[in-house]
Amino acid sequence: MQNQYDIPAMGFGTYARKGEAGIAAMLIALETGYRHLDTAQDYGTEKEVGEAIGRSGLNRSEVFVTTKIATGNLGAGALIPSLRESLDNLQLDQLDLTLIHWPSPNNAVPLPVYIEQLAEAHALGLTRLIGVSNFTIAMLEQTQAILGDLKIANNQFELNPLLQNKKLASYCINKGISVTCYLPIARGILGDVPVIAEIAARNAATPEQVALAFEFAKGYIAIPTSSRADRIRSNYLATKLVLSNADIAAIEAVDRGQRVIDPARGPDWD
């Protein structure tokens, strides 16, 4: 499962996957078949990602690596040195995808300041693709105007059956911006949703597999995470699950707009 940017649709999130236990979880993911590791400067897991790739025996070209620039590194002259530090932590020469993790709270750093630095990072070859995270439609439009011919490859935001973010997701897909879903399995509460539980039972699947299969059917990328080997492997089986059109329509109807990540200084969501 790929998209126009060849980003593997099934990614492994590395939030909270720290130390040897975190490396072990990443190694299980890579052994299982995941080929996309998602980290961030704020996660403090970049070193673990680099170590896991090194120990996996996989070639660098086989693992897609995403990191995200912390809001503290958005100021003038700060982004590129921070990205070089990320590359050192990851033991990599180049990122596959670098995202702005959050727009600067209350526009403390004007958007052009960090978007222009992100474009410079791309020009320097520090990252193959660039994108954003938690950006609204208005911010995406402003960003693309600054970038000109350089494309926004990805927007990562909270998306799962209970928060489908349909307006923003549709905008991104229509504009050729790939969508990455964080919290794609809604922290394990989907089994309490009767429609999803029924679809899971009928397909001999878990509710989490159903959610991920739904996201893949919509053309999205998803980055579930777990510290447990059984769940890491179980989630991966979603790549083999094909939902019917009726199942997809039924899941579309359970959208509650139920947002989990909503910081006080976050953007005005679409």
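Scroll up to find the structure.
Anyway, here's the lowdown on the structure attached to this text. As the structure is a computational prediction, the values presented were derived from the model and not from experiment.

Focus: the overall build of the protein chain
When helices and strands are counted, the protein chain shows 10 helices and 8 strands. Its C-alpha radius of gyration of 18 Å places the protein chain within 12% of the 18 Å reference for a compact globule of 270 residues. Seen along its three principal axes, the alpha-carbon backbone of the protein chain occupies a region of about 55 × 40 × 30 Å. Relative to its full complement of 270 residues, the protein chain shows a buried share of 54%.

As for the pairing of strand 6 (residues 154-158)
Here strand 6 lies mainly inside the structure; 5 of its 5 residues are buried. The pairing of strand 5 (residues 127-133) with strand 6 spans 2 bridges and is parallel. In the sheet register, V132 faces strand 6, and the bridge partner there is N155. Relative to strand 7 (residues 178-182), strand 6 runs parallel, the two being bridged by 5 bridges. Pairing of E158 across the sheet is with Y182, part of strand 7.

Some thoughts on the packing of aromatic side chains
On inspection of all chains with the given rule, the structure shows 4 aromatic pairs. Between Y15 and Y43, the aromatic rings sit 5.3 Å apart at their centres with planes inclined by 75 degrees, giving edge-to-face as the arrangement. Of the two residues, Y15 sits in the loop between strand 1 (12-13) and helix 1 (19-32) while Y43 sits in the loop between strand 2 (36-38) and helix 2 (46-56), which places them 28 residues apart along the sequence. Taking the centre distance of 6.0 Å and the plane angle of 65 degrees together, the rings of W102 and W269 count as edge-to-face. Within this pair, whereas W102 is found in the loop between strand 4 (95-100) and helix 4 (111-123), its partner W269 is found in the segment after helix 10 (245-252), the two being separated by 167 residues in sequence.

Details of the pairing of strand 5
Counting buried positions along strand 5 yields 6 of 7 residues, so the element is predominantly enclosed. Two strands pair when backbone bridges link them, and strand 4 and strand 5 are joined in this way by 5 bridges, in the parallel orientation. Looking across to strand 5, one finds that I100 is bridged to V132. In this fold, strand 4 hands off to helix 4, which returns the chain to strand 5; that crossover is right-handed. Regarding the hand of the β-α-β motif, the stretch spanning strand 5, helix 5 (residues 137-147) and strand 6 is right-handed.

Examining the pattern of salt bridges
On inspection of all chains with the given rule, the structure shows 9 salt bridges. We note a salt bridge from R55 to E20, for which the minimum N-O separation is 2.9 Å. Taken as a pair, R55 in helix 2 and E20 in helix 1 lie far apart in primary sequence, 35 residues in all. Taking relative accessible area as the criterion, R55 reaches 41% and is therefore assigned partly exposed. Among the ionic pairs, K218 bridges to E252, the shortest N-O distance being 2.6 Å. Here K218 is found in the loop between helix 8 (207-217) and strand 8 (221-222), whereas its partner E252 is found in helix 10, with 34 residues between them in sequence. Salt bridges sharing common partners tie together E20, E51 and R55.

Here's the deal with the environment of L87
Inspection of the secondary structure puts L87 in helix 3 (residues 79-90). Spatially, the C-alpha atoms of L87 and P184 are 27 Å apart, while their sequence positions differ by 97 residues. When residues no more than four places from it in sequence are discounted, the contact partners of L87 are L92, D93, Q94, L95 and L126.

A closer look at the side chain of S82
With respect to the helices and strands, S82 occurs in helix 3. Exposure remark for S82: the relative accessible area of 7% places this residue in the buried category. Polar contacts involving the side chain of S82 include one to the main-chain carbonyl oxygen of L79, which spans 2.7 Å. Apart from residues no more than four positions distant in its own chain, S82 is found in contact with Q41, I69 and N73.

Topic: the sheet that holds strand 4
The strand order across the open sheet built from 8 strands is 1-2-3-4-5-6-7-8, with neighbouring strands paired in parallel fashion. Every other strand in the sheet has two partners, leaving strand 1 and strand 8 as the edge strands with one partner each. Strand direction decides the pairing type here: strand 7 and strand 8, joined by 2 bridges, are parallel. Among the inter-strand pairings, T180 is bridged to a residue of strand 8, identified as I221.

Criteria and cut-off values
- Residues numbered from 1 in each chain as written.
- Predicted model: local features only at pLDDT ≥ 70, side-chain atom pairs only at ≥ 80, totals over all residues.
- Heavy atoms only, no water.
- Helix = DSSP H or I, 4+ residues; strand = E, 2+ residues; numbered from the N terminus.
- Rg over C-alpha atoms; globule rule 2.2 N^0.38 Å.
- Buried < 20%, exposed > 50% of the residue type's maximum accessible area, 1.4 Å probe, protein only.
- Pairing = 2+ DSSP bridges.
- Phe/Tyr/Trp six-rings, centres within 6.5 Å; stacked < 30°, edge-to-face > 60°.
- Right-handed = clockwise from strand over helix to strand, strands pointing away.
- Salt bridge = Lys/Arg side-chain N within 4 Å of Asp/Glu carboxyl O.
- Contact = heavy atoms within 4.5 Å.
- Polar contact = N/O pair within 3.5 Å; in protein donor to acceptor, adjacent residues only side chain to side chain.

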